[in-house]
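Observations on the model geometry
One-letter residues, chain by chain:
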Amino acid sequence: MSTSNTSANAENAAATEPHPATGTQFTLVRAGATAIVTSLAAGLRHYDRGGISLVESYPEESIAPGAAGITLAPFANRIDGGLWELDGKPQQLDITEVPRNNAIHGLLRNTGYHALETGEAHVLLEAVIHPQHGYPFLLRHQVRYSLESDGSLRVAQTLINDSNQPAPFVLGAHPYFTLGDIPAEQLTLTVHAATYLTANERMIPTGSQAVRGRFELRQGRPVPDSLMDTAFTDLETDDGVASHTLSAADGRSVSLWHDGSVKYVHVYVTDVFPRRSLAVAMEPMTGPANAFNSGDGLQWLAPGEPFTMNWGIDSVL
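Residue positions are given per chain, counted from 1 along the sequence in the order it is written. Local features are withheld for residues below a pLDDT of 70 in this predicted model, meaning they are given only at 70 or higher, and side-chain atom pairs are given and counted only at 80 or more; totals for whole chains, interfaces and linings count all residues. The basis for every side-chain value is the complete set of non-hydrogen atoms in the structure, without hydrogens or water.

The subject of this paragraph is the pairing of strand β21 (residues 228–235). Counting buried positions along β21 gives six out of eight residues, so the element sits mostly inside the fold. By the convention used here, strands pair only if DSSP detects at least 2 bridges between them. Counting from the N terminus, the helices are the DSSP runs of H or I reaching at least four residues and the strands are the DSSP runs of E reaching at least two. Where strand β18 (residues 193–199) meets β21, three bridges bridge the pair, whose relative direction is antiparallel. Note on β21: the bridge partner recorded for A193 is L235. As paired strands, β21 and strand β24 (residues 264–270) are joined by five bridges and run antiparallel to one another. By the bridge assignment for β24, T230 is matched with V267. When accessible area is computed with a 1.4 Å probe and restricted to protein chains, residues below 20% of their type maximum are described as buried, those above 50% as exposed, and intermediate ones as partly exposed.

Structure (structure tokens):
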């Protein structure tokens with residue numbers, strides 16, 4: 001067979017190979033832990049330690065249900081009507097939450113990242129946020145996943161401003177947590193926060209209040225008593241690190257931890273997640289929903305400067 005025919009056959013074979021909807025799959029392995037990261041949205045599709053799942057997984061041929069595991073930039077959560085102002089001029093983002101007429105979950109949810117580094121236990125991905133209607137800035141979002149020596153997971157999200165003017169941003173992530181085969185109904189949710197944000201029917205914040213009732217999660221509450229879609233702030237830290245936990249009666253637990261760059265944690269306990277009667281997301285965010293309008297938690301990144309948000313997943317098994 002000629003070289004040209006061999007090359008053509010290889011190209012045809014590659015063209016007919018299935019390509020997962022979530023893009024390239026990066027499998028990280030270390031210390032009995034396995035994490036699978038997708039190029040689509042730099043998402044965390046799977047993470048387990050010793051075979052015990054710690055985040056909600058989904059098939060590689062399916063896009064992330066409920067935004068499970070995706071990373072969020074240059075805004076997290078929602079922007080009211082997708083509309084905000086820059087130097088007195090209205091900026092209109094695409095409406096991506098049509099029922100509530102909001103822009104939601106940033107501008108990279110449907111973007112494929114490319115790998116800058118790969119290793120047995122880490123991957124560094126990057127995607128470009130191009131100037132567009134509603135966000136006239138050029139930035140790069142880098143996401144590094146790494147498994148630590150004990151099998152815990154660490155994530156660093158870095159935003160870099162390649163524009164010639166300051167750019168507003170909020171960074172976030174959308175992991176859903178689980179504890180092996182224990183139903184969420186049997187777990188306890190603990191969130192170390194003193195304040196929660198009230199919101200209207202379109203999930204746009206309207207104010208803040210001291211935690212009370214079902215929003216008082218510092219001592220832990222059963223997941224079934226905690227159905228909510230709520231942002232928390234005034235987070236309690238220990239040496240600059242905060243931690244929030246799902247725990248079982250037998251002492252096992254899985255925790256979201258984050259550094260001081262994260263000022264808000266959005267808790268989403270839902271009864272509409274596929275194949276689950278209840279599912280729990282704890283979302284680290286540098287600012288809350290609608291920060292581009294309220295200014296709460298909103299930051300501006302100077303030209304050429306980076307900003308990094310660190311978070312991760314620990315467990316007791």
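Still more to cover.
Spatially, β1-β2-β3-β4 is the arrangement adopted by the four strands of the open sheet, whose pairing is antiparallel. Where the open sheet ends on each side, the last strands, each with one partner, are β1 (25–30) and β4 (52–53).

Further remarks concern the packing of aromatic side chains. Ring geometry is summarised as follows: Phe, Tyr and Trp rings, the Trp one being its six-membered ring, pair when their centres sit within 6.5 Å, and such pairs are stacked at plane angles under 30 degrees, edge-to-face over 60 and tilted between the two. Applying the stated criterion across every chain yields a total of eight aromatic pairs. Judged by centre distance (4.8 Å) and plane angle (65 degrees), the ring pair of Y135 and F137 falls under edge-to-face. No difference in accessibility class separates Y135 from F137, as the two residues are buried. What links up through ring pairs into an aromatic cluster is the set F75, W84, Y135, F137 and F292.

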